[in-house]
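For reference, the chains in residue letters:
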Amino acid sequence: MLVLILSVVVLLLIGGCVCVFWAARGDAPRWARGVAKVTLLGSELARSADRNSRSHRGGGDD
């Protein structure tokens with residue numbers, strides 16, 4: 001069951017990356033641009049959460 005869940009997550013991540021690439025080319029439909037925006041927002045949230053956790057541990061080099 002865990003392998004199935006992880007497989008779905010990986011497929012969603014790959015699909016999001018494809019939509020970001022497609023939207024960057026400029027010829028993506030509206031739904032793909034929306035998926036790309038959500039993917040980029042998720043990556044920014046993950047990056048800021050990582051920065052915050054590193055700074056709380058005292059090992060940040062910001």
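What counts, and where the lines are drawn
- Residues numbered from 1 in each chain as written.
- Predicted model: local features only at pLDDT ≥ 70, side-chain atom pairs only at ≥ 80, totals over all residues.
- Heavy atoms only, no water.
- Helix = DSSP H or I, 4+ residues; strand = E, 2+ residues; numbered from the N terminus.
- Buried < 20%, exposed > 50% of the residue type's maximum accessible area, 1.4 Å probe, protein only.
- Areas by Shrake-Rupley, 256 points an atom, 1.4 Å probe, with all protein chains shown as cover.
- Disulfide = S-S within 2.5 Å.
- Salt bridge = Lys/Arg side-chain N within 4 Å of Asp/Glu carboxyl O.
- Expected span 1.5 Å × (residues − 1).
- Patch = residues over 30% accessible without salt bridge, like charges linked within 9 Å, V, L, I, M, F, W, Y side chains within 5 Å.

Enquirer: Got a minute to help me understand the overall build of the chain in this structure?
Expert: Counting secondary structure elements, the chain contains two helices and zero strands. Across the 62 residues in the chain, those meeting the buried criterion constitute 8%. Total accessible area on the chain stands at roughly 5,200 Å², and carbon and sulfur atoms take up 68% of it.

Enquirer: Sorry, what's going on with the state of the cysteines here?
Expert: In this structure the tally under the stated criterion is zero disulfides. Free of any disulfide, C19 has its nearest neighbouring cysteine sulfur in C17, separated by 9.4 Å. Relative accessible area serves as the criterion here: at 7%, C19 is assigned to the buried category.

Enquirer: Help me understand the pattern of salt bridges, please; the structure alone is not making it clear to me.
Expert: If charged atoms from side chains of opposite charge come close, those side chains can pair. Enumeration according to the criterion identifies two salt bridges in this entry. In this structure, D27 engages R25 in a salt bridge whose closest nitrogen and oxygen atoms are separated by 3.6 Å. The class for R25 is exposed, based on a relative accessible area of 56%.

Enquirer: Whenever I open this one, helix α1 (residues 2-25) confuses me. Can you help?
Expert: Between its first and last C-alpha, α1 extends 35 Å over 24 residues, near the 34 Å set by a 1.5 Å rise per residue. Backbone geometry just downstream of α1 places G26 in the positive-phi region, at approximately 100°.

Enquirer: Explain a nonpolar patch on the surface here, please?
Expert: Together, M1, L4, I5, V8, V9, L12 and L13 make up a nonpolar patch on the protein surface, roughly 740 Å² of accessible area in all. Relative accessible area serves as the criterion here: at 53%, L4 is assigned to the exposed category.

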